[in-house]
Amino acid sequence: MEQTSHGGENLLRGISENGGVVFYGVDSTEIVREMERVHKTSAVTTAALGRLLTAASMMGMMLKSRSDSITLQIKGGGPAGRLLAVSDGSGNVKGYVQNPVVEIPPRQDGHLDVGTAVGRDGTLDVIRDLGMREPYVGQVPLVSGEIAEDITSYFAISEQVPTVCALGVLVNEDLSVRCAGGFIVQLLPGATEEEITALENNIKAMPPVTTMLSEGKSIQDMLDMALQGFAPEILDREHVAYICDCSEDRVKRMLYSLGQAEVEKLRDEDPTAEVHCQFCDKCYHIDLGKLLEEWPVPQQNEDTQPEAEQD
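Residues numbered from 1 in each chain as written. Predicted model: local features only at pLDDT ≥ 70, side-chain atom pairs only at ≥ 80, totals over all residues. Heavy atoms only, no water.

Draft legend 1. Quick look at the sheet that holds strand S3 (residues 69-75). Pairing is antiparallel across the open sheet formed by five strands, whose spatial order is S5-S4-S3-S6-S7. In the strand order of this sheet, the two ends are held by strand S5 (93-97) and strand S7 (136-141), each with one partner. Mean inter-strand twist for the sheet, computed between neighbouring axes without regard to direction, equals 10 degrees. Where strand S6 (residues 123-129) lies against S7, six bridges are found, and the strand directions are antiparallel. Each bridged residue has a counterpart across the sheet, and for threonine 123 the counterpart in S7 is proline 141. Against the sheet, helix H4 (residues 148-158) touches S3, S6 and S7, its axis set at about 115 degrees to S7. (Pairing = 2+ DSSP bridges. Helix = DSSP H or I, 4+ residues; strand = E, 2+ residues; numbered from the N terminus. Axes fitted to C-alpha atoms, helices over the stretch in contact; angles between N-to-C directions. Contact = heavy atoms within 4.5 Å.)

Draft legend 2. Structural context of the pattern of salt bridges. Evaluation of the coordinates by the stated rule reveals 13 salt bridges. Here glutamate 30 makes a salt bridge to arginine 33, at a shortest N to O gap of 2.6 Å. Highlighted residues: glutamate 30 and arginine 33, both in helix H1 (residues 29-39), separated by three residues, approximately one helical turn. Note on glutamate 30: relative accessible area 23%, which makes it partly exposed. Glutamate 34 is paired through a salt bridge with arginine 37; the nearest N and O atoms lie 2.8 Å apart. Pair noted here: glutamate 34 and arginine 37 are both in helix H1, with a separation of three residues, about one helical turn. (Salt bridge = Lys/Arg side-chain N within 4 Å of Asp/Glu carboxyl O. Buried < 20%, exposed > 50% of the residue type's maximum accessible area, 1.4 Å probe, protein only.)

Draft legend 3. Expanded view of the sheet that holds strand S2 (residues 21-27). On the basis of which strands lie adjacent, the open sheet formed by five strands has the order S8-S9-S2-S1-S10 and antiparallel pairing. This sheet does not close on itself; its edge strands, each paired only once, are strand S8 (163-171) and strand S10 (233-238). With direction set aside, neighbouring strand axes in the sheet form an average angle of 10 degrees. Relative to S10, strand S1 (residues 11-15) runs antiparallel, the two sharing five bridges. Paired with arginine 13 across the strands is aspartate 236, a residue of S10. The strands touched by helix H2 (residues 43-61) within the sheet are S1, S2, S8, strand S9 (177-187) and S10, with S8 carrying the most contacts at an inclination of about 140 degrees. Strand contacts of helix H5 (residues 193-204): S2, S8 and S9, with the helix running at about 170 degrees to S9, the strand carrying the most contacts.

Draft legend 4. Quick peek at unusual backbone geometry. Of note in the backbone geometry, leucine 175 takes a positive phi value of approximately 75 degrees without being a glycine. By the secondary structure assignment, leucine 175 is in the loop between S8 and S9. Positive phi outside glycine occurs at aspartate 281, with the angle close to 65 degrees. When you line up the elements, aspartate 281 lands in the loop between strand S11 (272-276) and strand S12 (283-287).

Draft legend 5. Up close: the packing of aromatic side chains. For the structure on display, the rule yields three aromatic pairs. Ring plane angle 20 degrees and centroid distance 5.8 Å describe the contact between phenylalanine 23 and phenylalanine 183, whose orientation is recorded as stacked. Separated by 160 residues along the polypeptide, phenylalanine 23 in strand S2 and phenylalanine 183 in strand S9 bring together distant segments of the chain. Residue classification places phenylalanine 23 among the buried residues on the basis of a relative accessible area of 0%. (Phe/Tyr/Trp six-rings, centres within 6.5 Å; stacked < 30°, edge-to-face > 60°.)

Draft legend 6. Main features of the confidence of the model for the protein chain. Looking at the protein chain as a whole, the pLDDT averages 90, with 93% of positions reaching at least 70. Taken together, the stretch residues 1-6 has pLDDT below 50 and engages in 17 contacts with residues farther than four places along the chain or on a different chain. The low-confidence segment residues 304-311 (pLDDT under 50) makes one contact with residues lying over four places distant or belonging to another chain. (pLDDT = per-residue confidence, 0-100.)

Draft legend 7. Highlighting the environment of phenylalanine 183. Judged by relative accessible area, phenylalanine 183 falls into the buried class, the value being 3%. Taking the C-alpha atoms as reference, phenylalanine 183 lies 18 Å from tyrosine 242; in sequence the two are 59 residues apart. In contact with phenylalanine 183, not counting residues within four places along its chain, are Phe23, Tyr24, Gly25, Met58, Val164, Cys165, Ala166, Met206, Val209, Met212 and Met222.

Draft legend 8. Fine view of the pairing of S1. For S1, the tally of buried residues reaches four of five residues, placing the bulk of the element in the interior. Of the pairings in the sheet, the one linking S1 to S2 comprises five bridges and is antiparallel in character. The partner of isoleucine 15 across the bridge, within S2, is valine 22. With antiparallel pairing between neighbouring strands as the criterion, S1 and S2 make up a hairpin whose turn holds five residues, including glycine 19 at a positive phi of roughly 80 degrees.

Here you go:
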């Protein structure tokens, strides 16, 4: 990660003095660089998935437990196909794009046309896994496919939380990532009209995220600009990265979930299963014969055990 005066911490959460406004911000430059290295994305897909990862990292910080996770999925009908970003409860992320190489002309203003690459005819799904039996799923129709507006819409519709989301990824001509980052500002219940107006004016006066990062401004600088006049304080700082938590054990659990009969069919076709992780492209080779020999015996619970014979 890019080093800062705070030891490389690149994700922070802050709050206004009176507790009415909360700010999340992340410098996701190294995250998006690692994503581009793994997935070999074209410029517009780097920008699209990079923005989604940036949002996911901040939304991961909103989770109550580090063991929780949040998944953002966009199916917009555009040439990039399905986009997926997953964050843990600390803000570490991993992501996937169905079609990593998409070539389309830039918009008239010269910016990458993320909305056309993603598409606008579809949904943003937000899936929170909070360790309960079923995950919480929220879904909203896409507004623009530009990601930030769609995240803002999600919070307004699904969570009834007034939110401003700004995301940016700046890609060099050689397809390397110059900088990436974003911030989310939310109004908590009880904010006054004066506070809302002051906040709106502050945010309108801010340059684009990539402009601020290119000029050397930090996430704390963005916090100070967005919450100017609100006497903000920083609550948390985190060092977050692009991290895939795949493992051979996880792949085996996935194969177990297919059922013994299905794995036997796969073994008869090929004794070795080759499984690629969609998030980091790591390849696992699993000996299916050995897997079947090690097949776990289902645990009987008391409800299903046979009743004792009666005298």
